[in-house]
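Descriptive structure summary
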Amino acid sequence: MLHVTDLRDQTPTTSQLRRLMPRGGVDVASVLPTVAPIVEAVREEGAERALAYGEQFDHVRPTSVRVPADVIDAAEAGLTPELRAALKEAIGRIRKVHAEQKPAAHTTTLADGATVTETFLPVARVGLYVPGGKAVYPSSVLMNVIPAQEAGAESMVVCTPPQADFGGWPHPTILAACKLLGVDEVWAVGGAQAVALMAYGDDAYELEPVDMITGPGNIFVAAAKRLVNGVVGIDAEAGPSEIAVLADAGANSTYVALDLISQAEHDENAASVLITDSETFAQEVVDKVERFSAQTLNADRAASALGGKQSGVVLVRDMEQGIAVANAYAAEHLEIHTANAREVAQRITNAGAIFIGPYSPVPLGDYAAGSNHVLPTSGTARFNAGLSTHTFLRPVNLIEYDKAAMQDIGHHIIALAKDEQLPAHGEAIAARMED
């Protein structure tokens, strides 16, 4: 099921590693011609067109875009005690981590009377997309809403697809999670049309546009986010889920096999990669993956993902090469199952999130570790970060010089302006030098 890439007798460069590693991904550009007319139509015609697209694609149309308060209240009241307790525990842990991420303003004094203060201002209104395709994701509500709240966003809307099975409203657990977090604005719209509606709004329906859109989704959602980027801010274009496991011969093969399967059940395009210096251990994992994946609820989906070109085993000479391979791959989720896992983790430079040791599996982070599960995919962890409180904050500099401090630096500014042939810049300073 998992194909093998053997690098033990090779010393590939970084560019070669990127080509050799199992990688699937999605070609967002390929669907732009399909998605662009949808985005443009919603920009021009608003909510009515968004609802019409939902009816066309998903065969369901809610009676209104905004989910009524009584529907949200009923969803929250219908939670089982077990699920309510689980959501509240996850909320508490995620909120604690993200509250402590918020940076403090600080002032740099460059001279007497010359200061630059960096402060952090929240994005005023955010749109949070929560998918609703192959599974139900109340966890994505928590992961998007909580950092925005901790950043201080003034208002937010959660956008999630309507479901025919629930009277044309979103899944009750998603609505319940919104209620537990104090979010009362939920739009029953999904797909590319949801992204467009959040970006442009609709005054006739009293749907206010947002300033930033975050959250995962399918290839059409990713394409729509690319198209509205610039009109609004976006977090990233999320691709299929992926896990890489860096393990040595002493790792628990059952744990590793189950962790690889856990991400494969997300989507047929999900990626599960094992990096190890032990051929014997690799074979143990492969055998257990085949056995366990056949028994899971989402066996067909997992089999497609595990057998795809995006998944596999990478054999390396030693952990030195293993670390290099892991850094080149830049996994969304990286688990480390080695004898010195913490030391190895400190040498990882590219990963969306790093899970250290046998008792820190990715599913822990998916739900209630306290970290965020909206993470960079498809190798973009080399330059992108996961969703956090920082995502919803804008650093702004406050520059304050008094007369003496400005005059002290003024002749340098005039010299630079003269060299760049921007004399008006220098004249603006010179006028204050003579004052």
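Residues numbered from 1 in each chain as written. Predicted model: local features only at pLDDT ≥ 70, side-chain atom pairs only at ≥ 80, totals over all residues. Heavy atoms only, no water.

1. Brief notes about the sheet that holds strand S10 (residues 271-276)
Strand pairing in a sheet takes place through backbone hydrogen bonds and is either antiparallel or parallel in direction. Quick note on the threshold: The rule for pairing is simple: two strands pair if DSSP sees at least two bridges between them. Numbering goes from the N terminus for both helices and strands, where a helix is a DSSP run of H or I of at least four residues and a strand is a run of E of at least two. The axes are straight lines fitted to the C-alpha atoms, using for helices just the contacting stretch, and the angles between their N-to-C directions are given from 0 to 180°. By definition, residues are in contact when any of their heavy atoms lie within 4.5 Å.
Read from one edge of the open sheet, six strands run S1-S11-S10-S9-S12-S13, paired in parallel fashion. Of all strands in the sheet, those bounded by a partner on one side alone are strand S1 (4-6) and strand S13 (353-356). Sheet twist, expressed as the average angle between the axes of neighbouring strands with direction ignored, equals 20°. Bridge analysis of strand S9 (residues 242-247) against strand S12 (residues 333-337) gives five bridges, and the strand direction is parallel. Opposite Val245, over in S12, you have Glu335 as the bridge partner. Contacts from helix H13 (residues 319-329) reach S9, S10, strand S11 (312-315) and S12 within the one sheet, and its direction differs from that of S9 by about 170°.

2. Focus: the nonpolar core
Soluble globular proteins tend to bury their nonpolar side chains together. Which entries qualify depends on this criterion: Nonpolar cores are built from buried Ala, Val, Leu, Ile, Met, Phe, Trp, Tyr and Cys residues. Side-chain atoms within 4.5 Å join them into one set. Under the scheme applied here, a residue whose accessible area is under 20% of the maximum for its type counts as buried, over 50% as exposed, and between as partly exposed, the area being computed with a 1.4 Å probe on protein chains only.
Counting residues in hydrophobic clusters, the biggest one holds 39 residues, and the most contacted among them are Val126, Val141, Leu142, Val145, Met156, Leu181 and Phe392. Counting residues per element, the ones that place at least two in this core are helix H4 (69-77), helix H5 (81-99), strand S4 (125-129), helix H6 (138-151), strand S5 (155-160), helix H7 (172-180) and strand S6 (186-188). No other element matches the seven residues that H6 contributes to this core. In this view, Leu181 contacts Ile91, Arg95, Val141, Leu142, Val145, Ile146 and Gln149; residues no more than four positions away in its chain are not counted. By size, the runner-up hydrophobic cluster in this structure holds 34 residues, among which are Val28, Tyr53, Val65 and Ala194.

3. Brief notes about the pattern of salt bridges
Heads up, the condition is: Only one rule defines a salt bridge in this text: a Lys or Arg side-chain nitrogen within 4 Å of an Asp or Glu carboxyl oxygen.
Taken as a whole and judged by the stated rule, the model has 18 salt bridges. One salt bridge in this structure joins Arg226 and Glu237, with 2.8 Å as the shortest N-O distance. In this pair, Arg226 is assigned in helix H9 (residues 219-228) and Glu237 in the loop between strand S8 (233-234) and S9, connecting sequence segments eleven residues apart. Assessed through its relative accessible area of 35%, Arg226 is described here as partly exposed. When its relative accessible area of 28% is taken as the criterion, Glu237 is described as partly exposed. Several salt bridges share partner residues, and in doing so they unite Asp6, Arg8 and Glu279 into one network.

4. Some thoughts on unusual backbone geometry
Excluding glycine, residues mostly carry a negative phi; peptide bonds, for their part, are mostly trans. Phi angles above zero are rare outside glycine, and Glu206 is one such case at about 55°. Its location among the elements puts Glu206 in the loop between helix H8 (191-200) and strand S7 (212-214). The backbone of Ser378 sits at a positive phi, close to 60°, despite the residue not being glycine. Along the chain, Ser378 falls in the loop between helix H15 (362-367) and strand S14 (393-401). Judged by its relative accessible area of 35%, Ser378 is partly exposed.

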